Amino acid sequence: LSTTNESGAMSKNAERTYIMVKPDGVQRGLVGNIISRFEKRGYQLCGLKMRTASRELLEEHYGDLKSKPFFPGLVNFMMSGPVVSMVWQGKDVVKQGRSMLGETDPLKSKPGSIRGDFCIDMGKNVCHGSDSVDTANEEIKMWFKDDEVMDYKLTAYKDIYE
Ligand code: UDP
Ligand code: MG
């Protein structure tokens, strides 16, 4: 990934993550709020779409959890309705995104985080965020075609980064 900053140098601020509002988050009307948190923080929206995911895609997305007892229920729930898929870009966005989401268990999530503010049970924790830069790049490839991820210059860049 090669965006340039104001001085024309290669920017480290072009890290990308995959954030998804799960079917429960869509049903509960949380899409706007979740988008808004990332926008207000200063992150750049590079991709956005809604779809009901296939079993095949979800089994790939959650491939590392295949052996877990909650895996079949998780995949069935994730197929139960549309999800909103997003790509967000900016400095440290993978780690910051996870922190904005909160802990996997909403009961362990701090107020002020998405899960800490909006949910209670682990299987209804309203959102997903990539857990590493490598995972993020894999997930973006799984959920988006190349031409669905936008490369564009943020005009507010100079007001967000020093
Ligand atoms: N999950 C669950 N029960 C568990 C652990 C996880 O239902 O004991 C669900 C939960 O919705 C979680 C998803 O499986 O968000 C993926 O698990 P992971 O450990 O990757 O958590 P995340 O990265 O979403 O925080
Ligand atoms: Mg995970």
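Above this note sits the structure.
Described in the following lines is the structure provided in the data block.

Conventions used here
Residues numbered from 1 in each chain as written. Chains lettered and ligands numbered in written order. Predicted model: local features only at pLDDT ≥ 70, side-chain atom pairs only at ≥ 80, totals over all residues. Heavy atoms only, no water. Buried < 20%, exposed > 50% of the residue type's maximum accessible area, 1.4 Å probe, protein only. Helix = DSSP H or I, 4+ residues; strand = E, 2+ residues; numbered from the N terminus. Arc of directions from axis to C-beta. Contact = heavy atoms within 4.5 Å. Core = buried A, V, L, I, M, F, W, Y, C linked by side-chain atoms within 4.5 Å. Near = heavy atom within 4 Å. Polar contact = N/O pair within 3.5 Å; in protein donor to acceptor, adjacent residues only side chain to side chain. Areas by Shrake-Rupley, 256 points an atom, 1.4 Å probe, with all protein chains shown as cover. 1 Å grid on protein atoms, 1.4 Å probe; cavity = no way out; pocket = protein on both sides within 12 Å on 5 of 7 lines; lining within 4 Å. Sits in = over half its atoms within 2 Å of the grid points. Nonpolar A, V, L, I, M, F, W, Y, C, P; charged D, E, K, R; others polar.

**Examining helix 5 (residues 93-101)**
At step 1: Restricting attention to buried positions, one finds in helix 5 the residues Val93, Val94, Gln96, Gly97, Met100 and Leu101. Projected onto a plane normal to the axis of helix 5, the buried residues spread over an arc of 165° and lie on a single side.
At step 2: Looking at the buried side of helix 5, the elements it contacts are strand 1 (16-21), helix 2 (31-41), strand 3 (83-89), helix 6 (114-118), strand 4 (127-129) and helix 7 (133-143).
At step 3: A positive phi of about 100° marks Gly102, the residue just after helix 5.

**So, the nonpolar core**
At step 1: Membership of the largest hydrophobic core comes to 20 residues, with the highest contact counts inside it found for Met78 and Trp143.
At step 2: Within the residue set of this core, elements represented by two or more residues are strand 1, helix 3 (55-61), helix 4 (71-78), strand 3 and helix 7.
At step 3: By residue number, the principal contributor to this core is helix 4, which donates five residues.
At step 4: Residues within four places of Trp143 in sequence aside, it is in contact with Tyr18, Met20, Lys49, Arg51, Ala53, Leu57, Leu58, His61, Val83, Ser85 and Glu148.
At step 5: Judged by nonpolar contacts, the second largest core, of 19 residues, contains Leu30, Ile34, Phe38 and Val93.

**Observations regarding the site of ligand 1**
At step 1: Contacts to ligand 1 come from Lys22, Tyr62, Leu65, Phe70, Leu74, Arg98, Thr104, Arg115, Met122, Gly123 and Asn125.
At step 2: The contact in question runs from an oxygen atom of ligand 1 to an N or O atom on the side chain of Thr104, over 2.5 Å.
At step 3: Within the side chain of Arg115, one N or O atom sits 3.2 Å away from an oxygen atom of ligand 1.
At step 4: In the complex, the protein chains occlude 79% of the 500 Å² of accessible area that ligand 1 would expose alone.
At step 5: The site holding ligand 1 turns out to be the largest pocket.
At step 6: Partitioning the shell around ligand 1 into residue classes produces five nonpolar, three polar and three charged.

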